[in-house]
Amino acid sequence: MRTLEIDIETYSSVNLSKGGVYRYAESEDFEILLFGYSVDGGEVRVVDMACGEKVPEDVMKAITDDSVTKWAFNSQFERVCLSRWLGVDLKPDSWKCSMVWSAYLGLPLSLEGVGAVLGLEKQKLTEGKSLIRYFCSPCKPTKANGGRTRNLPEHDMQKWENFKAYNIRDVETEMQIQERLARYTVPETVWDEYHLDQEINDRGILVDMDFVKRAIETERITRDAIMERLRALTGLENPNSVIQMREWLSDRGVETDSLDKKTVAALIGTVPEDAEEVLRCRQKLSKSSVKKYAAMENAVCSDGRLRGCFMFYGANRTGRFAGRLVQLQNLPQNHMADLAEARSIVRAGNTEAVELLYDDIPDTLSQLIRTSFIPAYGKKFYVADFSAIEARVIAWLAGEGWRLDVFEKGGDIYCASASQMFKVPVEKHGVNGHLRQKGKIAELALGYGGSVGALKAMGAIDMGLDESELQPLVDAWRTTNPKIVKLWWEVDAAVKRVVKDKTPQSVRGIRFFYAGGMLFIGLPSGRNLTYIKPRMGENVFGGESVTYEGVGATKKWERLESYGPKFVENIVQAIARDILMHAMGSLKECSIVAHVHDEIIIEAGPEVTLEEICEKMGSTPAWAKGLKLRADGYVCDFYKKD
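Residues numbered from 1 in each chain as written. Predicted model: local features only at pLDDT ≥ 70, side-chain atom pairs only at ≥ 80, totals over all residues. Heavy atoms only, no water.

A.B. asks: When you look at the overall build of the chain in this model, what are you seeing that I'm missing?
C.D. replies: A tally of helices and strands in the chain yields 25 helices and 19 strands. Relative to a compact globule of 642 residues, whose C-alpha radius of gyration would be 26 Å, the chain shows 27 Å and is just as compact. The principal-axis extent of the C-alpha atoms belonging to the chain is close to 75 × 70 × 60 Å. By the burial criterion, 53% of the 642 residues in the chain qualify as buried. For the chain, long-range pairs separated by at least 24 residues make up 65% of all intrachain contacts whose partners lie at least 6 apart in sequence. Working note: accessible area of the chain is about 29,300 Å², and carbon and sulfur atoms make up 49% of it. (Helix = DSSP H or I, 4+ residues; strand = E, 2+ residues; numbered from the N terminus. Rg over C-alpha atoms; globule rule 2.2 N^0.38 Å. Buried < 20%, exposed > 50% of the residue type's maximum accessible area, 1.4 Å probe, protein only. Contact = heavy atoms within 4.5 Å. Areas by Shrake-Rupley, 256 points an atom, 1.4 Å probe, with all protein chains shown as cover.)

A.B. asks: Please explain empty space enclosed by the protein as it appears in this structure.
C.D. replies: Empty space among the atoms becomes apparent when a probe as large as a water molecule is rolled across them. Taken as a whole, this structure holds two cavities of 30 Å³ or more when the rule is applied. Volume-wise, the largest cavity comes out at about 40 Å³. Lining the largest cavity are E219, T222, R223, I226, K284, L285, K287, V290 and P362. Only helix 9 (209–234) and helix 12 (273–285) provide two or more residues apiece to the lining of the largest cavity. Across the lining of the largest cavity, the residue classes break down as four nonpolar, one polar and four charged. Approximately 30 Å³ is the volume found for the second largest cavity. If you go around the second largest cavity, the residues you meet are I200, N201, G204, I205, L306, R307, G308, C309, F310 and V593. Class assignment of the residues belonging to the lining of the second largest cavity gives a composition of six nonpolar, three polar and one charged. (1 Å grid on protein atoms, 1.4 Å probe; cavity = no way out; pocket = protein on both sides within 12 Å on 5 of 7 lines; lining within 4 Å. Points joined across faces, edges and corners; volume = space filled by probe spheres on them. Nonpolar A, V, L, I, M, F, W, Y, C, P; charged D, E, K, R; others polar.)

A.B. asks: So what exactly am I meant to see when it comes to the sheet that holds strand 19 (residues 631–636) here?
C.D. replies: Where strands meet in a sheet, backbone hydrogen bonds hold them as pairs that are either parallel or antiparallel. One open sheet accounts for four strands, arranged 17-18-10-19; its pairing is antiparallel. The sheet terminates laterally at strand 17 (592–596) and strand 19, the two strands that pair on one side only. Shown here is a sheet whose adjacent strand axes are inclined to one another by a mean of 20°, direction ignored. Packing of helix 25 (residues 610–617) onto the sheet brings it into contact with strand 10 (380–386), strand 18 (599–604) and strand 19, and relative to strand 10 it is tilted by some 30°. (Pairing = 2+ DSSP bridges. Axes fitted to C-alpha atoms, helices over the stretch in contact; angles between N-to-C directions.)

A.B. asks: Can you walk me through the pattern of salt bridges in this structure?
C.D. replies: Applying the stated criterion across every chain, the model contains 36 salt bridges. Across the pair R220 and D224 runs a salt bridge, and its minimum N-O distance is 3.0 Å. Taken as a pair, R220 and D224 lie in helix 9 at a separation of four residues, close to a single helical turn. Of the residues examined, D224 reaches a relative accessible area of 39% and is grouped as partly exposed. Each of the salt bridges in this network shares a partner with another, and the network as a whole consists of E193, R527, R577 and D578. (Salt bridge = Lys/Arg side-chain N within 4 Å of Asp/Glu carboxyl O.)

A.B. asks: Mind showing me how you'd approach unusual backbone geometry here?
C.D. replies: Glycine aside, residues mostly have negative phi angles, and peptide bonds mostly take the trans form. Of note in this structure, Y313 is not a glycine but carries a positive phi near 60°. A residue is classified by how much of its surface remains accessible, and Y313, at 1% relative accessible area, is buried. The phi dihedral of K423 is positive, around 60°, even though this residue is not glycine. For K423, a relative accessible area of 66% puts it in the exposed group.

A.B. asks: How do you make sense of the nonpolar core when you look at a structure like this?
C.D. replies: Nonpolar side chains in soluble globular proteins generally cluster together in the buried interior. Formed by 146 residues in total, the largest nonpolar core has its most connected members in F373, F512 and I571. In contact with F373, not counting residues within four places along its chain, are I205, L206, V207, M296, L306, V326, L328, L331, F381, F638 and Y639. The next biggest cluster of nonpolar side chains, apart from the first, holds 26 residues, and it includes Y22, A25, Y37 and W95. (Core = buried A, V, L, I, M, F, W, Y, C linked by side-chain atoms within 4.5 Å.)

What follows is the structure in structure tokens.
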């Protein structure tokens, strides 16, 4: 036996979407209902485990045999569930995932979506969702079902037979996907990265559940108090109701179509005093980030560790990670000077002290979310991240000499950019220091073809820039970075040439080529970016544009439009992702517990040093000769933003 294709159907009372597969499989009532499989591409069989059938002995041995490659669509689910069932930790090294293969080629992240896009002969059966709801999770007790809380096969044998057919079809669909994609294999280096990702997900990160529970209780007490205050101020039965609140405000001469966060913030300071207090209360209630505490409580495993927070290739345009469950990628930042003190007060459950010391308790709890993550006893967190990674990559790629010199000398790119743009020396907290902010906003907004709109979206007006300053800022940045601007349009021309003539092109070591109805961009690491069914179209300005099929902002499969600067953005972010993976590979023996954007969090004892970690992280991959990297870090007793 060389390969084993697996698809299982399971039961657990834990909500999979909220708890994640690790918590789901840990439930006492977890069980495997159906085990669909195929050996070496042969006939698909299903083992009806719920009705007492046994998995064949040779298949059982293959599951734990590292020489047999196990395949599944989202194989993390099968591997974690089978680990729980067998009572052993199945290491990820002998597992491969057809969902990752699909994502590598720019396809959807669902079995149903991939089947539809590829036009497979045997696609996922549409009735599967209702069958999963019926057999795989608890049901509501009713008179009609005799008050039961779970549906078993004997409760509807026809549905059960349909469920078995569904299980078989899933395996067939997964095998067809692999057959269809066989010409476009995933590099072994990417599979190595996937296995490392799975190790990190398996390891998880420790959560201080005593602190989390106290934070949830503090938030509940605070929310109840704010609601009571709102009822007293407004006389409304439900102050949370947008309709009721808009009517109340209207009676006081405040007209608004919306009560979202941005609108409420804009209204404060412009309305009567009584209305302002009401809006400030409402603003405090809108702190949705505190919901992350509840998300931790839902997903944490019995040993206190949170697992499964990172989705490999979750952003399939560039191959970057996506967050799951608690979403570590968008944790609120902390700016409190007394972070440790505030944390200890909340952890002690001293709500009165919290109320006395902190005016905005929801904001305080929001800033403390990061501190929920702690290292194991006797260890610390070593947190290291890349300095200005995308700015470094685009400068290296374009050959923008003055920027490379700044990084070589360890300078501040925001000060240097402002200095280049305004032709004066700029120092942080020093001479012309006020210009650094303009340099920063320009750097963040303009690197990928952005203009006035990008500056506004980045908050330029809120930061104090005048509308009249924006276009000159765009012009100054582009004049200062001619090689980056040139790179945009060289890439634009190369992509158009490939799509029109199917002729391979190369721009500064980046390869562009067409094969099998797809546009490929070959990165220095050896990885490819993929754009499906590219063709020439017309943009809103009447000019030429390249379009391709992919998952858009609405999460639907659609035709998307792109152009040179946008392709450059994809390339730069993809290279930055490859550098992160290189760093994670260099540090894989150091017990990585999490990573957030360009930051790595390591749980370790005194046997390692921050200097060693930063040195390894900042080492340049062999394929990125000439790229200057730098990693900075800090050591902490709980996670925080330094």
